[in-house]
Amino acid sequence: MNKENPEEFYTRLRTQLEESTQWPSLYLYKFIVLTDEDKINQIHSIFNNLGAVIDSKLSKNGKYTSLSIQVNLENPDAVIEKYKKVGVIEGVISL
């Protein structure tokens, strides 16, 4: 994501999602975070009650955790809303 201008990034993402996907659709999020139970739980809570399938994997040395989250969403705005909510958690890298 472009840290300098996140709104430009989200506008471009919305356009790409509108052009490439029929909605509602499954969307796959991928995040990397320092292995910190609190931060991982914060990410889980953002996708709570959505029927999301969340796969967690520790890095080789256990310092980082990757999260793959597959969830059915209604439209590109719902995708972007989740990115923004996760984006406020310090140290999370969105892939």
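The structure we're discussing is the one just above.
Residues numbered from 1 in each chain as written. Predicted model: local features only at pLDDT ≥ 70, side-chain atom pairs only at ≥ 80, totals over all residues. Heavy atoms only, no water.

**Student:** Help me out: how do you make sense of the pairing of strand β2 (residues 53-58) in this one?
**Tutor:** Working note: regular strand, side chains alternate between the two faces of the sheet. For β2, a buried count of zero out of six residues is recorded, marking the element as mostly open to its surroundings. Taken together, the six bridges between β2 and strand β3 (residues 64-73) define a ladder with antiparallel strand orientation. Opposite I54, over in β3, you have I69 as the bridge partner. Hairpin geometry of β2 and β3 is characterised by an intervening segment of five residues between the two adjacent antiparallel strands and by a positive phi of about 80° at G62. (Buried < 20%, exposed > 50% of the residue type's maximum accessible area, 1.4 Å probe, protein only. Helix = DSSP H or I, 4+ residues; strand = E, 2+ residues; numbered from the N terminus. Pairing = 2+ DSSP bridges.)

**Student:** Please explain the pairing of strand β1 (residues 25-34) as it appears in this structure.
**Tutor:** On β1, burial follows the alternation: S25, Y27, Y29, F31 and V33 on one face are buried, whereas L26, L28, K30, I32 and L34 on the facing-out side are not. Looking at chain direction, β1 and β3 are connected through 10 bridges and run antiparallel. Among the inter-strand pairings, I32 is bridged to a residue of β3, identified as S66. The pairing of β1 with strand β4 (residues 93-94) spans two bridges and is antiparallel.

**Student:** For this particular structure, what's the right way to read the pattern of salt bridges?
**Tutor:** When the charged atoms of two side chains with opposite charge come close together, those side chains can pair. Applying the stated criterion to the full structure yields four salt bridges. Put simply, K85 and E81 hold a salt bridge, and the shortest N to O gap is 3.1 Å. Remark: E81 and K85 occur in helix α3 (residues 76-87); sequence separation between them is four residues, near one turn of the helix. Residue classification places K85 among the partly exposed positions, given a relative accessible area of 39%. (Salt bridge = Lys/Arg side-chain N within 4 Å of Asp/Glu carboxyl O.)

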